[in-house]
Amino acid sequence: MQEIATHIFMETGYPGVTLGAINWSHGLILIDSPLRCDDARLWRSSLLNLGGGIDRLVINLDAHYDRTLGVRALECTVIGHEKINQAYRTRAMTFKASSSETGSEWELYNSLGSVRWAPPEITFTEELVLHWEEDASLRLEYHPGPATGSSWVVMPHQKVIFLGDAVVADQPPFLAQADLATWQESLQLLLTPDYQNYLFVGGRNGLLTHNHVRLMLDFLVEVHQGMEKLAVNRAQPEETQNLVMPLLSQFRVPSERLTLYTNRLKYGLFQYYLRHYRPNTNDLEE
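### Points about the overall build of the protein
At step 1: Counting its regular elements, the protein contains seven helices and 15 strands.
At step 2: For the protein, the C-alpha radius of gyration of 19 Å lies close to 19 Å, the compact-globule estimate for 286 residues.
At step 3: Each principal axis of the C-alpha atoms in the protein carries an extent, and together these give about 60 × 45 × 35 Å.
At step 4: Within the protein, buried positions represent 53% of all 286 residues.
At step 5: Relative to all contacts within the protein whose residues are 6 or more apart in sequence, the contacts with residues 24 or more apart total 63%.
At step 6: Put simply, the protein shows about 13,300 Å² of open surface, and 46% of that area lies on carbon and sulfur atoms.

Now the structure itself:
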């Protein structure tokens, strides 16, 4: 666990997503959860050493399985965008691991068992502000584009933003639930002078730079151009797989992750094409 600003911590040691913890006088604010329930309980126990207030809550930055599977094991109030609850309503009440090939991190682990979801108990539409510290505040902002209910945690006093999956580095992003146009608008905002001195914490990589934001923008532009070309040519959704290797070649992919990232792009491009260019299809998935 690394303290990246006063009372603000980042944890990259658990499989799944980068975690955050804000240790304020009123209590702990957690950002996302390890995907494995055992890891979530271990994370919860490790946070006891921080002291602070007695209350505790967790914020989900979007509805992705990797960041929502372990939430119930944290045993605290859950906050998230209202669209996360909408996503839960389309899922079975209990998650059971299957042989999915979506390129998600949870697919690398076969001991997840059955997991009951923990939907947000507090939701918001555009913005929610928490005042758990006398001289600081935390602002949850809705920034659509990467996934269902995509949000940022912004702490203006400490100049820190937790971005979720808005920016990923050294790996392809998740595209199945994306809206590329609004995603690009969100990233352009990060390049304005208002965010020049902020620390960016990515939901998959930890600390990021403005250059990572620019690389993410360039990648999304290329994906969008490829999709538009397929649509103009009235291509079948299966033809999106022709974009996979050219896009994947932009990353230095470790051999042990080649299949995972290939599946991530293959699934994401296919689902994106169905959603945006064949919206009446029956093959759409969450």
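### Overview of the sheet that holds strand β15 (residues 206-208)
At step 1: Strand order in the open sheet made by the six strands is β10-β11-β12-β13-β14-β15, with mixed pairing throughout. Single-partner strands in this sheet number two, and they are β10 (127-133) and β15. Across the sheet, the mean angle from the axis of one strand to that of its neighbour is 25°, orientation sign disregarded.
At step 2: Across five bridges, β10 lies against strand β11 (residues 136-142) in antiparallel orientation. Opposite Glu-133, over in β11, you have Ala-136 as the bridge partner.
At step 3: Contacts between helix α4 (residues 180-190) and the sheet are confined to β12 (151-155), β13 (160-164) and β14 (199-202), with β12 contributing the most and set at about 15° to the helix.

### Looking at helix α7 (residues 258-277)
At step 1: Between the first and last C-alpha of α7 there are 28 Å, a value that for 20 residues agrees with the 28 Å anticipated at 1.5 Å per step.
At step 2: Leu-260, Tyr-261, Asn-263, Arg-264, Leu-265, Tyr-267, Gly-268, Leu-269, Gln-271, Tyr-272, Tyr-273 and Leu-274 are the residues of α7 that are buried.
At step 3: Of the surrounding secondary structure, the elements contacted by the buried residues of α7 are α4, α5 (210-232) and α6 (244-248).

### Looking at the packing of α5 against α7
At step 1: Where α5 meets α7, the closest approach of the two axes is 11 Å, and the angle between their N-to-C directions is 55°. Relative to α7, the element α5 is oriented oblique. The crossing of α5 and α7 is right-handed. Between α5 and α7, the residues in contact are Phe-219, Val-223, His-224, Met-227, Glu-228, Leu-230 and Ala-231 and Leu-265, Leu-269, Tyr-272, Tyr-273 and Tyr-277, respectively.
At step 2: For the contact of α5 with α7, the class distribution of residues is ten nonpolar, one polar and one charged.

### Side note on the nonpolar core
At step 1: One finds Ile-161, Val-167, Leu-187, Leu-190, Phe-200 and Leu-269 to be the most contacted residues of the largest nonpolar core, which totals 38 residues.
At step 2: For this core, the element with the highest residue contribution is α5, accounting for eight residues.
At step 3: In this structure, Val-167 is in contact with Leu-187, Leu-190, Gly-202, Asn-205, Leu-208, His-212, Val-213 and Met-216, ignoring residues within four places of it in sequence.
At step 4: In this structure, Ile-79, Tyr-142, Met-155 and Val-201 belong to the second largest nonpolar core, which totals 25 residues.

Each value, and the rule that gives it
Residues numbered from 1 in each chain as written. Predicted model: local features only at pLDDT ≥ 70, side-chain atom pairs only at ≥ 80, totals over all residues. Heavy atoms only, no water. Helix = DSSP H or I, 4+ residues; strand = E, 2+ residues; numbered from the N terminus. Rg over C-alpha atoms; globule rule 2.2 N^0.38 Å. Buried < 20%, exposed > 50% of the residue type's maximum accessible area, 1.4 Å probe, protein only. Contact = heavy atoms within 4.5 Å. Areas by Shrake-Rupley, 256 points an atom, 1.4 Å probe, with all protein chains shown as cover. Pairing = 2+ DSSP bridges. Axes fitted to C-alpha atoms, helices over the stretch in contact; angles between N-to-C directions. Expected span 1.5 Å × (residues − 1). Parallel < 35°, antiparallel > 145°, perpendicular 65-115°, else oblique. Left-handed = near helix turned anticlockwise from the far one by under 90°. Nonpolar A, V, L, I, M, F, W, Y, C, P; charged D, E, K, R; others polar. Core = buried A, V, L, I, M, F, W, Y, C linked by side-chain atoms within 4.5 Å.

So yeah, pure geometry; function would need other evidence.
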